[in-house]
Amino acid sequence: IDEQLNIQNTKAMRVSNLERVIVPVILLINETFSFSYVGVRRKISAESVTRVRSRPSVRAPEGFVAPQPKPLAIPEGEGQIGSLFSGTVALALRLATGAFVLGWKIDSLSYQNNGDYSLKLGPISLRDSSSILPDAPRPKVPLVLYEYESSPYCRIVRETMNLLDINYECRPCPGARRGFSDELAGLTEGRRTVPYLIDPNAGRAMFESSDQIEYLLDMYGPPPGSYDGLALWPIRFQQFAFFTSAFAALARGMPASQPDKLARPDNTEMLPLKLWGYECSPFVRPVRERMCELCLPHIIVSCSRGSANRDAMVKKTGRFQVPYLEDPNTGIEMFESNEICKYLDTVYTTKENL
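Regarding the overall build of the chain
For the chain, the count of helices and strands is eleven helices and twelve strands. Counting over 354 residues, the chain shows a buried share of 52%. Nonlocal contacts in the chain, meaning residues at least 24 apart in sequence, comprise 74% of its contacts between residues at least 6 apart. For the chain, the computed accessible surface area is about 17,000 Å², with 57% contributed by carbon and sulfur atoms.

Some remarks on the pattern of salt bridges
Using the criterion set out here, one finds 26 salt bridges in the structure. Close ionic contact of Lys315 with Asp116 constitutes a salt bridge, the shortest N to O distance being 3.0 Å. Taken together, the residues Lys315 in helix α10 (residues 309-317) and Asp116 in the loop between β2 (104-108) and β3 (119-121) connect sequence positions 199 residues apart. Judged by its relative accessible area of 17%, Asp116 falls in the buried class. Between Glu293 and Arg290 there is a salt bridge, with its nearest N and O atoms 2.8 Å apart. One end of the pair, Glu293, and the other, Arg290, are both in helix α9 (residues 285-293), three residues apart, so they sit about a helical turn from each other. If you follow the salt bridges from partner to partner, you end up with Arg94, Glu147, Glu149, Arg155, Arg158, Glu159, Glu279, Arg285 and Arg288 in one network.

Remarks on unusual backbone geometry
Omega for the bond connecting Val194 with Pro195 falls within 30 degrees of zero, at 5 degrees, which places this linkage in the cis form. The residue Pro195 is located in the loop between α5 (181-187) and β7 (196-199) in this model. Even without being a glycine, Glu208 presents a positive backbone phi close to 70 degrees. Along the polypeptide, Glu208 turns up in the loop between β8 (204-206) and α6 (209-220). For Glu208, a relative accessible area of 13% gives the class buried. Not every positive phi belongs to a glycine, and Glu336 is a case in point at roughly 80 degrees. Among the residues examined, Glu336 registers a relative accessible area of 11% and is labelled buried.

What about the packing of aromatic side chains?
Scanning the model with the defined rule gives twelve aromatic pairs in all. Residues Phe64 and Tyr343 carry aromatic rings whose centres are separated by 5.5 Å and whose planes lie at 45 degrees to one another, so their mutual orientation is tilted. Taken together, the residues span a long stretch of sequence, with Phe64 in the loop between α2 (46-49) and α3 (80-93) and Tyr343 in helix α11 (residues 337-348) at a distance of 279 residues. Since its relative accessible area comes to 27%, Phe64 is described here as partly exposed. Relative accessible area serves as the criterion here: at 2%, Tyr343 is assigned to the buried category. Grouping aromatic residues by their ring pairs yields a cluster made of Tyr146, Tyr196 and Phe207. The cationic tip of Arg127 hangs over the ring face of Tyr111; the distance from NZ or CZ to the ring centre is 5.0 Å.

As for the sheet that holds β3
Hydrogen bonds between backbone atoms are what pair the strands of a sheet, whose relative direction is either parallel or antiparallel. Spatial strand order, β2-β4-β3: three strands in an open sheet with antiparallel pairing. Looking at which strands have only one partner, the edges of the open sheet turn out to be β2 and β3. On average, each strand axis in the sheet is inclined to that of its neighbour by 35 degrees, with strand direction left out of account. For β3 and strand β4 (residues 124-130), the ladder comprises three bridges, and the chain directions are antiparallel.

Structural notes on the packing of helix α4 (residues 152-163) against α6
Packing of α4 against α6 brings their axes to within 9 Å, and their N-to-C directions diverge by 5 degrees. Judged by the angle between their axes, α4 and α6 are roughly parallel. Within the contact between the two elements, α4 uses Tyr153, Ile156, Val157, Thr160 and Met161 and α6 uses Ser209, Gln212, Ile213 and Leu216.

Some points on the pairing of β7
Here β7 shows two buried faces, one formed by Tyr196 and Ile198 and the other by Leu197 and Asp199. As judged from the three bridges shared by strand β5 (residues 143-147) and β7, these two strands associate in the antiparallel manner. Bridging from a neighbouring strand, Leu145 pairs with Leu197 of β7. Of the pairings in the sheet, the one linking β7 to β8 comprises three bridges and is antiparallel in character. Considered in β8, the bridge of Leu197 is made with Met206. Turn length for the β7-β8 hairpin, with the two strands adjacent in sequence and antiparallel, is four residues, and the turn residue Gly203 shows positive phi of about 70 degrees.

Rules used throughout
- Residues numbered from 1 in each chain as written.
- Predicted model: local features only at pLDDT ≥ 70, side-chain atom pairs only at ≥ 80, totals over all residues.
- Heavy atoms only, no water.
- Helix = DSSP H or I, 4+ residues; strand = E, 2+ residues; numbered from the N terminus.
- Buried < 20%, exposed > 50% of the residue type's maximum accessible area, 1.4 Å probe, protein only.
- Contact = heavy atoms within 4.5 Å.
- Areas by Shrake-Rupley, 256 points an atom, 1.4 Å probe, with all protein chains shown as cover.
- Salt bridge = Lys/Arg side-chain N within 4 Å of Asp/Glu carboxyl O.
- Phe/Tyr/Trp six-rings, centres within 6.5 Å; stacked < 30°, edge-to-face > 60°.
- Lys NZ or Arg CZ within 6 Å of the ring centre and 35° of its normal.
- Pairing = 2+ DSSP bridges.
- Axes fitted to C-alpha atoms, helices over the stretch in contact; angles between N-to-C directions.
- Parallel < 35°, antiparallel > 145°, perpendicular 65-115°, else oblique.

Everything listed here is a matter of geometry and, on its own, says nothing about what the molecule does.
Below, the structure is given as C-alpha cells:
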C-alpha cells in the first residue's frame, strides 16, 4: 500500500510541475482562437460600467513610511536584475512600442522652466511633447478595459492608449476566466472574451482588439493625415504584433495567467488604484503584473515620452519618476517598483491580513 501511495504522490508531483508549464501555453493557444469572433460594438450607458463600491476594510501597514525615490537605480532585492533584464527583452521584442506618444518631437535641449518636465543630462535639459495630440479629443473620464497581462491582444490595445496618451482603468481577468471575468460575463450575455473595451464618454463598448484600436484612433487620435501611418505598423501588422507580444509575455513567464492564491477575495471591490507609467517600462511592468495577479482594479496614467501627464506629475510630486502609485484605499502614495510590490503584497494578500 505504501509503495502504491508513493507512486501516486510521484505522479501527482509530475502533473503539478507539468501544469505550471502547460496551462499558460494552453491559455495562450485558446486565446488565439477565442478572438476570432466577429467584432461587436454595443451601445452602453455610463452608469452600467460605474461600479458602486463599498470599500472593504483595508489599511496601510503599521508604521509604513514611503521610500525615497531613487531615479535610474536598479531595484534592490532577489531576482530584481533578472526582472529588469526580462523586462528589457520584452521592450526590445516590441520595438519599444508605446514608449513615445504619437507625434513625438523634441522642443528644446536647454529648457529652463522648473515647473514643467524636462530630462536633465548634464548641461542638456531635454523638453519633448507631441506635435499632434494637443488638438486631439480627450476623454473626460477614463476608458475601461477588461484584460489580462499576458494576452498579446490586450497588450497592443494598452500600447495604443499609451501612444494616444489616454488614461484608462484596467479590470484584470487573469486567464480570461478569473478576477473581473464574472462582471464581464454579466455585461456581455455570458461572454468572457478579452480585451473588452468600454468608453463611458461615448456610451460604446466592443470586443476585438483590432476594432478597439481603430475606434481609439478615430475617437481620440489626430487626423490621419497629420502623422506617418508607419508609426503604427508594430500594432497594425497583426502577425508581427501577435508573435512579438506573445514572446514578450513568455520572456516574463506568462504573468497573471492565474490569480495569486493569496490575493484577498475582496480585491475586486477595492477603489481603483492609480499607477503612473507606461506599458513597455521595465520598472513599471513588475508593478502592473502584481496588480493583475492580485485582481486589483487600477487606473493607468499614461506617461510615455512626450506625454502631457509628465508635467502633471512634476506639479504633483516635484519630480518625474515611474512607477508612481496612488492608493485611495489607504491614502499611500509612493515611488520605487520593488517597494510598491512589497506594499501590495502586505496590504492586498491574506498572509498579512489574517
